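# Commentary on secondary and tertiary structure
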Amino acid sequence: NPLKIVVVGSVAAGTSVAAKARRNTETAQITVYERGDEISYSGCGLPYYVGGDVEQIRALTPRSPAWFKARYDVDIRTGHEVVSVDARARRVTVKDLAGGETFQDTYDELVLATGVAPVVPPIPGVGLPGVFTVRTPSDAAAIRGWIEERKVTRAVVVGAGYIGLEMAEQLAHRGLAVTVVEALDHAMARMDADMSARVDAELRKHDVDLRLATRVTAINGAPRAVTGVTVAGPDGEASVEAGLVIAAVGVRPNVDLALQAGARVGQTGAVAVDRVGRTSVDHVWAVGDVAESFHLITGRPTWVPLGSTANKTGRVAGDAITGGRLEHRGILGTSIVRVFDLAVAQTGLTQTQAEAAGYDVEVLHNIKPDRPEYLGGKSMVIKAVADRATGRLLGAQAIGPSGVDKRIDVLATAITFGADVADLFHLDLAYSPTYATTKDPVHYTGMALD
Ligand code: FAD
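A short tour of the structure in this document, coming up. As the structure is a computational prediction, the values presented were derived from the model and not from experiment.

Rules of the game
Residues numbered from 1 in each chain as written. Predicted model: local features only at pLDDT ≥ 70, side-chain atom pairs only at ≥ 80, totals over all residues. Helix = DSSP H or I, 4+ residues; strand = E, 2+ residues; numbered from the N terminus. Rg over C-alpha atoms; globule rule 2.2 N^0.38 Å. Contact = placed C-beta atoms within 7 Å. Pairing = 2+ DSSP bridges. Axes fitted to C-alpha atoms, helices over the stretch in contact; angles between N-to-C directions. Core = buried A, V, L, I, M, F, W, Y, C linked by C-beta atoms within 7 Å. Buried ≥ 20, exposed ≤ 12 C-beta atoms within 10 Å, placed from the backbone. Expected span 1.5 Å × (residues − 1).

### Concerning the overall build of the protein chain
A count of helices and strands for the protein chain gives 12 helices and 25 strands. Radius of gyration (C-alpha) of the protein chain: 23 Å, near the 22 Å computed for a compact globule of 450 residues. Taken along its principal axes, the extent of the C-alpha atoms in the protein chain is 65 × 60 × 40 Å. Considering only intrachain contacts with a sequence separation of at least 6, the fraction spanning at least 24 residues in the protein chain is 62%.

### Some words on the sheet that holds strand 24 (residues 379-387)
Spatially, 21-22-25-24-23 is the arrangement adopted by the five strands of the open sheet, whose pairing is antiparallel. Lying at the two open borders of the sheet, with one neighbouring strand each, are strand 21 (335-339) and strand 23 (361-369). Geometrically, the sheet is characterised by an average inter-axis angle of 10° between neighbouring strands, direction not taken into account. The pairing of strand 22 (residues 342-348) with strand 25 (residues 393-400) spans six bridges and is antiparallel. From the neighbouring strand, Thr347 faces strand 25, where its bridge partner is Ala396.

### What about the nonpolar core?
Soluble, globular proteins show a tendency: their nonpolar side chains are buried together. Grouped together as the largest cluster of nonpolar side chains are 129 residues, with contacts concentrated most on Leu112, Val245 and Ile246. Setting aside its immediate chain neighbours within four residues, Leu112 contacts Val8, Leu257, Ala258, Val271, Val284, Trp285, Ala286 and Val290.

### Side note on the environment of Val157
One can find Val157 in strand 10 (residues 154-158). Since 28 C-beta atoms lie within 10 Å of it, Val157 is described here as buried. Sequence spacing of Val157 and Ala168 is 11 residues, and the spatial spacing of their C-alpha atoms is 6.5 Å. Once residues within four sequence positions are removed from consideration, Val157 is found in contact with Gly164, Met167, Ala168, Val178, Val180, Ile246 and Ala248.

### Considerations on helix 1 (residues 12-24)
Counted at 1.5 Å a residue, the expected span for helix 1 with its 13 residues is 18 Å, and the 19 Å between its end C-alpha atoms agrees. Counting buried residues along helix 1, 10 of its 13 residues qualify, which places the element largely inside the surrounding structure. Regarding helix 1, the residues found buried are Ala12, Ala13, Gly14, Thr15, Ser16, Val17, Ala18, Lys20, Ala21 and Arg22.

### Concerning unusual backbone geometry
Phi at Lys151 takes a positive value of approximately 50°, unusual for a residue other than glycine. Mapping Lys151 onto the fold places it in the loop between helix 4 (137-150) and strand 10. One non-glycine residue, Asp207, adopts positive backbone phi at about 65°. Along the chain, the position of Asp207 falls in the loop between helix 6 (193-205) and strand 12 (209-211). Residue Asp207 is classed as exposed on the basis of its 11 C-beta neighbours within 10 Å.

### Regarding the pairing of strand 15 (residues 236-241)
As paired strands, strand 14 (residues 225-233) and strand 15 are joined by six bridges and run antiparallel to one another. By the bridge assignment, Ala232 is partnered in strand 15 with Glu237. Counted along the chain from strand 14 to the antiparallel partner strand 15, the turn is two residues long.

### A look at the sheet that holds strand 5 (residues 91-96)
The three strands are arranged 4-5-6 in an open sheet whose pairing can be described as antiparallel. Two strands bound the open sheet, and with one partner strand each, they are strand 4 (80-86) and strand 6 (102-106). Averaged over all adjacent pairs, the angle separating strand axes in this sheet is 30°, with direction ignored. In terms of strand pairing, strand 5 meets strand 6 through five bridges, oriented antiparallel. Across the sheet, residue Thr93 finds its bridge partner in strand 6, namely Gln104.

Written as structure tokens, this is what we have:
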């Protein structure tokens, strides 16, 4: 009998499993169940549809089930929710959400690519029309429709993580007056405070009303639409008017099916897996945002739900299930976000995280232009942290108007291969005044201890 693979979830990780498995074997029977209507979309592009830079929502969902059938002979069944797993019988129960009927399907290998759900903050009024989370193309379409139909001019974004900030930037780009409310005392609070303070300043420079150390205590509105929020912060209680509220306070992994199958969930709250994506239950795998990864520096389980990792872990599991030898090598949590005129990026451990992990930390700071000033170079700040005992680089953060993407990726690559601080100076990096300086900002990081 052909190998029968059942995948649950059809966005980044689930489709990667299916595509890689098919590349390895022509005979496997591959079925993907997806409870939503949208598949294989770019969640990362959603803020730019809301902002208008992406004109058509279709551009973010370029692939249909018919495309996967024709290209990979994979059956993707949208509108089908897997409601339970019987791991001993290797059987799933599936509900056809349109028709309402339920049926069973069997598997040889089951892959959970169930992703995350946005956290809906337990604030009175959170259910009012005009309050949205951002996860799917339908969410983005509903937000843009709401703004256009109601001619919304003021928005509140709750949460100043990267999704909140991308939404704030894009709403401002559309001409809305934007208030960002953040419970912690900086935006991008996962970075070190000296770096995230620059993000706060950038938001304010672009007229975002940034309320730090502040909580939304109520979302107000007539029954049919939100009219604003009540906030409590250092200056007491206040109300902020808004015709749109975006809740971007984090995400939670969809672990229900994994728990039901008996799979172990780690301390991070995501499903514990080995280096190929096997859970603690035979023939049950977990990939993408629902699964843990492990940190390249600490070796410990970590959970940083990102599309970059979801695509890799999906491919690795698809390979392993069909006899391949790929292994996931862990992550640094490398990420980058544009906040108005700044690119804000990080990789590996921050100073705070490195100290919490027990390292005696050496901090390396430099502020250098990405190109010569005669060709429009602008300063970027790089803060790197290293282990004082060995000189090994542990992480880096970079913020600046241009060239940050390249530097963070060079630093991530160096850290991946175990570089120490001095190694950075010796990297043979490309130089022309149109792209870099003779000694690059990365080289200066490597010279910081001289
Ligand atoms: P998901 O995309 O969450 O997909 C899981 C799917 O499983 C869902 O469609 C769900 O309906 C389905 N499902 C769940 N349970 C069941 C069930 N029982 N039965 C059937 N189907 C089920 N990442 C980056 O790396 N860089 C970025 O710049 C970036 N920007 C982002 C911006 C936004 C606004 C958002 C929302 C996300 C962004 N991401 C970014 C994150 C990225 O989109 C995710 O990491 C990626 O989508 C994870 O893919 P996944 O397949 O693991 O999970």
